[in-house]
Every structure is written in structure tokens, then in C-alpha cells.
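# Remarks on the overall topology
As a plain string of letters, each chain reads:
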Amino acid sequence: MNEKVDNFIKYISVYCKYGETTIVPYKTFEELKNIKVDVNEEENDKKMDEEASKITFLWSTDILPLSRYQIILKKGVNESKWKLKMEKICQRTIMDFKSNSLAKILTIIDFEMVKSIQPSELLFYDGSKESESKCPTLSQLKSKNNCLKNYISYEISKNRNSIYKFLKISKKLLLLENYNSLNSILNGIRTHKLNSKELDSVSKVFDKCKTYFQIRQLLDICFQKKSFFIPPLEIILKDIEDSNRNKNSLIASKRFCKLIEFLILVQNQKFVKKINKKTEHFILNKMFVSRFYSAKRKKICSKKYEGSYFLFI
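Read on for a plain summary of the structure. Please read these numbers as outputs of a predicted model, since none were measured by experiment.

### Some details on the overall build of the protein chain
Regarding its fold elements, the protein chain presents 17 helices and 0 strands. When the 313 residues of the protein chain are sorted by exposure, 45% land in the buried category. When contacts within the protein chain are restricted to residue pairs at least 6 apart in sequence, long-range pairs at least 24 apart make up 76% of them.

Right, dumping it as C-alpha cells:
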């Protein structure tokens, strides 16, 4: 009987550890016997943290673009000097950097990646894994967005107050009209159940861009003004998929043509901002490290909660 009770307690503890409020379905003791519970979950968390604390001086460009520090390092000049710089940067936290600086770096990264999209990628991409191999820039941008979302989700799980830091960054991204990183931050925040105060703060920041249709309207206005803006990758991919899958659709064709015009517009635009190499390497490194947490955190935080009515949900 004691063994059955222990199993029951272990089973319940898995759902309670991360503040999960979902009611656990009733299980008989016979069913509980067959449940596999990771009793060393905290130990596994420590291993993940240790793995993430290791310094990665170079990563695959399939995952993320290289930072300026890494590009210099690849040249093989004063390697020890640049490695030391990277090590020091990786020891800092998100709170050590100004929100405005982080927003600018995220916008520069997005702008350079969107600008690198080749016209052929628009013809090949249809949402399948096979097509992604023919669309390196779109795949890299997709990977970058996932890494940013996972990093934000993990950072909030470690430091709940960091949610307000990310909201400050979001406000700056709105001013820069970078809706791509803005959406990634929102997706990272919404992996957590928000209390009323947090939900109110998030709602205020995303009040004018919390739905798909609001984003569409904002992008149309930006396009008409020929002003600088970066649309969410999800909208780019949706327009490409709709066009390639529904070749007889007039709406899909019009949106695809508008996407072509947008990319031409981006090719001729200049986003002149001084690049802070330290900030750039910091945020890219944090995004890269987030790969170690993504699978586990997604499983825990994948449910939609009250108030999660935002973009692309």
C-alpha cells in the first residue's frame, strides 16, 4: 500500500512542480503503477543548466547567424582575445543590457535575414520539411524565432520579473515596427500562465497588434507608406504556402505579389544603426543556449490559458 501511495504522490508532484493548475484526471492505483515518473527531474534540470553554461564559440548557421565576434574569430586572428570577450559576455544577464539596445540588435538581425531571402525560396516553400532544405534563409529565420521564443520562456521560468523586461523590449520593437521579434517575444511570454497583473501589462503593450487581422492592417499601412517594417515570419510563410498550394486563389495570388513587392522594397532599404557587438553576441548566444530547454519547456507550457488570445494562437 505504501508503494502505491508513493507512486500517487510522485505522479501528482509532476503536475504541481511548475505551478500547473490543470486538474489531474482520476487514476486508479493499478494505472499509477504503470506511470513512468522522472524522480530525478531536479537533477536533470541542473544538468541542463550545466550544459547551457558551456561556452560555444561557433555554432551552425543552420540554427542562427553568426555574431560579429564569431565572424572575427573565424578569421583566426587573436583567437584567445575574442574567446575571452565571449566568455565575459556570456556571464551577463538580460538585465545588464538596455531594452532599446536589445530591440535594435533584434531588428538588425531580422532585417539582415529578411534581406537575404532569395526569390527562389518563395517558389519552393510549401510548409513541408523537404521544402525547408531548399529555403535556407527562411529555415534559419524560423529557427531563430523558435530559439528566441524558447529563451524568453526559459528566462521567465527562472526569473518571473523578467517578463517586464521583455515587455519594455517589446515597446521598443513596436516603435521600430519589427513585428517579427515582437511576435516571438509574445509567443515566449504566452507559454506561461499569467496572473491578472501580468496579463494586464501584456494586453497594454500588444493592444493594437494582438490579432492576426490587426497585424494585417498595420502591415498594409506600412506598405502603403513605404516605411521600414519587418512582418512576422508566420505571415510571410502563410502567404507563401497559400500561394503555392492554392494557385487558383485570387486573394492568395495578390498577397504573394505584395510579398514580392515587399522583399524588393526591403532590398532597397537601409536600416542604419550602430551595431553593439557585445549585445549582439549576448542575445544570439542566449538564443542558441535555449535549444537545451525547448523540448522540455514546450511540453510543460504548451497549454492555452485564459487570456491567451493573442497573435497566431
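Once the structure has been displayed, the description carries forward.
### Observations regarding unusual backbone geometry
Here the phi dihedral of Asn78 falls at roughly 50°; this positive angle occurs in a residue that is not glycine. Note that Asn78 resides in the loop between helix 4 (68–74) and helix 5 (79–90). Asn78 gets classed as partly exposed once you look at its relative accessible area, which sits at 47%.

### Quick word on the side chain of Asp110
By the element assignment, Asp110 lies in helix 6 (residues 99–115). When its relative accessible area of 0% is taken as the criterion, Asp110 is described as buried. Of the polar contacts made by the side chain of Asp110, one reaches the side chain of Asn178; its length is 3.2 Å. Ignoring any residue separated from it by four or fewer positions in sequence, one finds Asp110 in contact with Leu141, Lys144, Asn178, Asn180, Ser181 and Ile230.

### With respect to the environment of Cys257
For Cys257, the location among the structural elements is in helix 15 (residues 250–267). The exposure class of Cys257 is partly exposed, given its relative accessible area of 45%. Put simply, Cys257 and Asp239 are 18 residues apart on the chain and 9.5 Å apart in space, counted from C-alpha to C-alpha.

### Re the nonpolar core
In terms of nonpolar packing, the biggest core is built from 70 residues, with Leu138, Ile189 and Ile283 touching the most fellow members. Element by element, the count of residues in this core is highest for helix 6, at 8 residues. With residues up to four places along the chain from it excluded, the contact list for Ile189 reads Ile152, Ile156, Ile163, Leu167, Leu194 and Val202.

### Points about the packing of aromatic side chains
Under the criterion given, the structure shown has 6 aromatic pairs. Ring centres of Trp59 and Phe288 lie 5.1 Å apart, and the angle between their planes is 20°; this geometry places the pair in the stacked category. In this pair, Trp59 sits in the loop between helix 3 (41–53) and helix 4 while Phe288 sits in helix 16 (residues 277–289), placing the two residues 229 residues apart along the sequence. Look at Trp59 and you get buried, because its relative accessible area is 7%. By relative accessible area, which is 6% here, Phe288 ends up buried. With a centroid separation of 5.0 Å and 40° between ring planes, the pair formed by Phe229 and Phe262 is classed as tilted. With a gap of 33 residues between them, Phe229 in the loop between helix 13 (212–225) and helix 14 (233–245) and Phe262 in helix 15 connect regions that are remote in the sequence.

### Details of helix 15
With 18 residues, helix 15 extends 26 Å from end C-alpha to end C-alpha; this agrees with the ideal 26 Å at 1.5 Å per step. Among the residues of helix 15, Ala252, Phe256, Leu259, Phe262, Leu263, Leu265 and Val266 are the ones counted as buried. Where helix 15 is buried, its residues touch helix 6, helix 7 (119–124), helix 13 and helix 14.

### Focus: the pattern of salt bridges
One side chain can pair with another of opposite charge once the charged atoms of both are near each other. Summed over all chains, the structure comprises 7 salt bridges. Among the salt bridges present, the one from Arg216 reaches Asp239, with a minimum N-O distance of 2.5 Å. On the criterion of sequence distance, the pair formed by Arg216 in helix 13 and Asp239 in helix 14 is long-range, its members being 23 residues apart. For the residue pair Arg216 and Asp239, the accessibility class agrees, reading buried in each case. Connected through shared salt-bridge partners, Arg68, Glu112 and Glu280 make up one network.

### Quick look at helix 10 (residues 162–176)
For helix 10, which comprises 15 residues, the first-to-last C-alpha distance of 21 Å matches the rise-based estimate of 21 Å (1.5 Å per residue) to within 8%. Packing partners of the buried residues in helix 10 comprise helix 6, helix 9 (136–158), helix 11 (179–189) and helix 12 (196–205). Positive phi appears at Glu177, one or two residues downstream of helix 10, with a value of about 60°.

### Some remarks on the packing of helix 9 against helix 10
Between helix 9 and helix 10, the least distance of the axes is 8 Å, while the angle of their chain directions is 145°. Contacts between helix 9 and helix 10 pair Tyr151, Ile152, Glu155 and Ile156 from the former with Ser162, Ile163 and Phe166 from the latter. For the contact of helix 9 with helix 10, the per-class residue count stands at 5 nonpolar, 1 polar and 1 charged.

### As for the environment of Leu148
Residue placement: Leu148 occurs in helix 9. Taking the C-alpha atoms as reference points, Leu148 and Lys286, separated by 138 residues in sequence, lie 8.1 Å from one another. In contact with Leu148, other than residues within four places in its own chain, are Leu106, Ser181, Ser184 and Met287.

### Some details on the packing of helix 9 against helix 16
Relative to each other, helix 9 and helix 16 sit at 85°, their axes nearing to 8 Å. Relative to helix 16, the element helix 9 is oriented roughly perpendicular. Mapping the contact onto sequence places Lys144, Cys147, Leu148 and Tyr151 in helix 9 and Phe282, Ile283, Lys286 and Met287 in helix 16.

About the criteria used
- Residues numbered from 1 in each chain as written.
- Predicted model: local features only at pLDDT ≥ 70, side-chain atom pairs only at ≥ 80, totals over all residues.
- Heavy atoms only, no water.
- Helix = DSSP H or I, 4+ residues; strand = E, 2+ residues; numbered from the N terminus.
- Buried < 20%, exposed > 50% of the residue type's maximum accessible area, 1.4 Å probe, protein only.
- Contact = heavy atoms within 4.5 Å.
- Polar contact = N/O pair within 3.5 Å; in protein donor to acceptor, adjacent residues only side chain to side chain.
- Core = buried A, V, L, I, M, F, W, Y, C linked by side-chain atoms within 4.5 Å.
- Phe/Tyr/Trp six-rings, centres within 6.5 Å; stacked < 30°, edge-to-face > 60°.
- Expected span 1.5 Å × (residues − 1).
- Salt bridge = Lys/Arg side-chain N within 4 Å of Asp/Glu carboxyl O.
- Axes fitted to C-alpha atoms, helices over the stretch in contact; angles between N-to-C directions.
- Nonpolar A, V, L, I, M, F, W, Y, C, P; charged D, E, K, R; others polar.
- Parallel < 35°, antiparallel > 145°, perpendicular 65-115°, else oblique.

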